[in-house]
Amino acid sequence: MKYLYGPLTSRRMGVSLGVSLVPHKTCDFDCVYCQLGETRVKTKLRKEYFDQEELLSEIKTWFKNNPEVKIDYITLSGSGEPTLDLKIGEVIQEIKNIVSVPVAVITNSSFLTEPEVRKGLESADLVVPSLDAASQDIFNKIDRPEEGLRVDQIIEALVEFRKAYRGKIWLEVMLVKGINDDLDHIRKLNEAIARIDPDKIQLNTPVRHTALAGIKPPDKRKLNKVKEILGPKCEIL
Ligand code: SF4
């Protein structure tokens, strides 16, 4: 299959059938912790990256061939940033017309600054946006974004999205030792997250191969302290 992968089982999403909308490692970030390696095509260019008919046909075929498999989510994520595709909103609706399985989107949040992306994601049942930094210098260090991307604008976009969106938001924070785990920064991040008001805050740490060498998770004590600051909605993945 060209667009589908899995199903994958995780504690967070249950059994998830993955859909990759953009070619391998096409992203407007180049996060130091990315498990997919360095970003190959670093771009802010939103365009049509996939053939919708082919993708929907793969989904139909997969469900026809696997009637016994219980899928908790069809997850748009894959090997790059899915909201780079212009038709993300349309494809979520089309998938929901084909199967009655909840649709989730995993995104780095950057294109939520565009009203049509926020509108498009409103059709999803679950959105898992990430937010690793509350200040521009830390954002630049950890996510290595395309030039011009501003974390304060991304935070405002997440706040706007929450106001309109009726589905679930599980906000992911990737914590990297020595980059974004300073407790003063975590307090600032907590202020931003309180305004976003997600349903859950999920703390993640780099564990496997990372884009940049030497990327480490904070120790357990620091992780627990961060969890305490972020409050009862926070869970450590
Ligand atoms: S946003 Fe996601 S896909 Fe893009 S570089 Fe970061 S971790 Fe990798």
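The present account deals with the structure reproduced in this document. (Residues numbered from 1 in each chain as written. Predicted model: local features only at pLDDT ≥ 70, side-chain atom pairs only at ≥ 80, totals over all residues.)

### Topic: the overall build of the protein
- Within the protein, the secondary structure is distributed over seven helices and 10 strands.
- Computed over its C-alpha atoms, the radius of gyration of the protein comes to 17 Å, within 12% of the 18 Å expected for a compact globule of 237 residues.
- Along the first, second and third principal axes, the C-alpha set of the protein runs to 50 × 35 × 35 Å.
- Across the protein, every contact between residues at least 6 apart in sequence was considered, and the portion connecting residues at least 24 apart equals 75%. (Helix = DSSP H or I, 4+ residues; strand = E, 2+ residues; numbered from the N terminus. Rg over C-alpha atoms; globule rule 2.2 N^0.38 Å. Contact = placed C-beta atoms within 7 Å.)

### So, the site of the ligand
- Taken together, C27, F29, D30, C31, C34, L36, T39, G80, E81 and N108 form the complete shell of residues around the ligand.
- By residue class, the composition of the shell around the ligand is five nonpolar, three polar and two charged. (Near = placed C-beta within 6 Å. Nonpolar A, V, L, I, M, F, W, Y, C, P; charged D, E, K, R; others polar.)

### Some remarks on the packing of helix α6 (residues 183–196) against helix α7 (residues 220–230)
- The geometry of α6 relative to α7 is characterised by a closest axis approach of 9 Å and an angle of 35° between their N-to-C directions. By crossing handedness, the relation of α6 to α7 is classed as right-handed. Taking contact as the criterion, the partners of L183, I186, R187, N190 and I193 in α6 are, on α7, K225, V226, I229 and L230.
- Counted by class, the contact of α6 with α7 contains six nonpolar, one polar and two charged residues. (Axes fitted to C-alpha atoms, helices over the stretch in contact; angles between N-to-C directions. Left-handed = near helix turned anticlockwise from the far one by under 90°.)

### Considering helix α2 (residues 88–98)
- Among the residues of α2, I88, G89, V91, I92 and I95 are the ones counted as buried. Viewed along the axis of α2, the buried residues span an arc of 170°, placing them on a single side of the element.
- Those residues of α2 that are buried are in contact with α1 (52–65), β5 (73–76), β6 (103–107) and α3 (115–121). (Buried ≥ 20, exposed ≤ 12 C-beta atoms within 10 Å, placed from the backbone. Arc of directions from axis to C-beta.)

### Description of the pairing of strand β2 (residues 14–19)
- As judged from the five bridges shared by strand β1 (residues 4–10) and β2, these two strands associate in the antiparallel manner. For L8, the partnering residue across the bridge sits in β2 and is S16.
- Joining the antiparallel neighbours β1 and β2 is a turn of three residues. (Pairing = 2+ DSSP bridges.)

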